[in-house]
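This is what each chain is made of:
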Amino acid sequence: MSPTVVWPELSSPMLKIPALLTGLSLIAMAVIAGFAYGFVYNLIYVSGDPVSSQQALLDNFELYTYGIIAWGCIIILDVMASIGIYALYKSTHKKLTLFTSLLRITYTFFLILATYQLAMPLMNYNEIHNGLYYMESFSKIWTYGLIVFGLHLIFLSRVCLQSNFTPKIISVLLCVGGISYVVVESLKSFSPSLYSLTDILESVLIIPMAISELAFSIWLIVKAIRLPHYSLTHSK
């Protein structure tokens, strides 16, 4: 039989729930973002064509509303994930973990500002003709936020590396994903003339950007499920 070892830094049974909720929150965010951005936003947004964007918004107004609600859910889940990460890793390095969580909260603030732009046509029906402007404002603000999100992943990778229970591969994936976010989103924000280079880099770096936090969330869920309710021991 495999030897039983203690998961040292998760020494309280109460932390089983934060681990599970954090992992589920991250997974849920990925799924909801696929609907809100991957489907709704890309269905309605027509780059450089305000008339087509306006018509698409009118034709899919109810769906657009659901998209805004979805972004609201993502914001709530982001805050939950920030709190969960702090609860799980504060014993590793309290100040560094707090800073890491605050970076994610900062990113969430950018997302709130961006979502407010998307909500303008809902709050004022007369603004529907400016739908393209508000969608592009959303994208611009969110891009700034994703730079901060990338920094969050980089510092989270450092926190995970300092812990004695997080697999090193998770730390590496988070770091690579974080650097990828910072590079790609910085180019989009500050060097739009390099769009060809940005597209090439994004096509290459989209994989680590996508799987870094996903791998972390799956690992958290699996570990949380494997932890007994009253004993924080597990088998290697």
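Okay, so let's go over this structure. From a predicted model like this one, the values you see are computed outputs, not experimental measurements.

Helix and strand counts for the protein chain come out as seven helices and two strands. The secondary structure elements of the protein chain, listed N-terminal to C-terminal, are β-α-α-α-α-α-α-α-β. Dimensions of the protein chain, computed from the C-alpha atoms along their principal axes, are close to 65 × 35 × 30 Å. Out of the 236 residues belonging to the protein chain, those deemed buried represent 45%. Considering only intrachain contacts with a sequence separation of at least 6, the fraction spanning at least 24 residues in the protein chain is 78%. Roughly 11900 Å² of accessible area belongs to the protein chain as shown, and the carbon and sulfur atoms make up 70% of that amount. For the protein chain, the centre of its 12 positive side-chain charges and the centre of its 11 negative side-chain charges are spaced 25 Å apart.

Next up on the list: the packing of helix 5 (residues 131–162) against helix 7 (residues 195–226). Here helix 5 crosses helix 7 at 45°, and the two axes come no closer than 12 Å. It follows from the interaxial angle that helix 5 and helix 7 lie oblique. Viewed along their axes, helix 5 and helix 7 form a crossing whose handedness is left-handed. Here Phe149, Leu153, Leu156 and Cys160 of helix 5 lie close against helix 7, whose contacting residues are Ser212, Glu213 and Phe216. The residue inventory of the contact of helix 5 with helix 7, partitioned by class, reads five nonpolar, one polar and one charged.

Quick look at the side chain of Ser180 now. Take Ser180: it is sitting in helix 6 (residues 168–190). For Ser180, a relative accessible area of 3% corresponds to the buried category. Among the polar contacts made by the side chain of Ser180, one reaches the main-chain carbonyl oxygen of Val176 at a distance of 2.7 Å.

This part takes up the layout of surface pockets. Here the largest pocket defines a volume of roughly 1000 Å³. In terms of lining residues, the largest pocket is bounded by 33 residues, among which Tyr37, Trp142, Leu146, Tyr181 and Glu185 are the most central. Secondary structure elements with two or more residues in the lining of the largest pocket: helix 1 (16–44), helix 3 (61–89), helix 4 (94–123), helix 5, helix 6 and helix 7. If you tally residues by element for the lining of the largest pocket, the top one is helix 5, at eight residues.

Looking now at the pattern of salt bridges. If the charged atoms of two oppositely charged side chains come close together, the side chains can form a pair. Enumeration according to the criterion identifies four salt bridges in this entry. With its nearest N and O atoms 2.9 Å apart, the salt bridge here joins Glu202 to Lys188. Placement of the pair is Glu202 in helix 7 and Lys188 in helix 6, with a sequence separation of 14 residues. Through salt bridges with shared partners, a single ionic network connects Asp78, Arg104 and Glu213.

Here we take up a nonpolar patch on the surface. There is a patch of nonpolar side chains on the surface, built from Ile17, Leu21, Leu24, Ile76 and Met80 and spanning about 460 Å² of accessible area. Contributions of two or more residues to the nonpolar patch are made by helix 1 and helix 3. Among the elements that line the nonpolar patch, the one with the most residues is helix 1, at three residues. As for its placement among the helices and strands, Met80 is situated in helix 3. Looking at Met80, the relative accessible area reads 36%, which means it is partly exposed.

Cut-off values and rules
Residues numbered from 1 in each chain as written. Predicted model: local features only at pLDDT ≥ 70, side-chain atom pairs only at ≥ 80, totals over all residues. Heavy atoms only, no water. Helix = DSSP H or I, 4+ residues; strand = E, 2+ residues; numbered from the N terminus. Buried < 20%, exposed > 50% of the residue type's maximum accessible area, 1.4 Å probe, protein only. Contact = heavy atoms within 4.5 Å. Areas by Shrake-Rupley, 256 points an atom, 1.4 Å probe, with all protein chains shown as cover. Lys, Arg positive; Asp, Glu negative; His and termini not counted. Charge placed at Lys NZ, Arg CZ, Asp CG, Glu CD. Axes fitted to C-alpha atoms, helices over the stretch in contact; angles between N-to-C directions. Parallel < 35°, antiparallel > 145°, perpendicular 65-115°, else oblique. Left-handed = near helix turned anticlockwise from the far one by under 90°. Nonpolar A, V, L, I, M, F, W, Y, C, P; charged D, E, K, R; others polar. Polar contact = N/O pair within 3.5 Å; in protein donor to acceptor, adjacent residues only side chain to side chain. 1 Å grid on protein atoms, 1.4 Å probe; cavity = no way out; pocket = protein on both sides within 12 Å on 5 of 7 lines; lining within 4 Å. Points joined across faces, edges and corners; volume = space filled by probe spheres on them. Salt bridge = Lys/Arg side-chain N within 4 Å of Asp/Glu carboxyl O. Patch = residues over 30% accessible without salt bridge, like charges linked within 9 Å, V, L, I, M, F, W, Y side chains within 5 Å.

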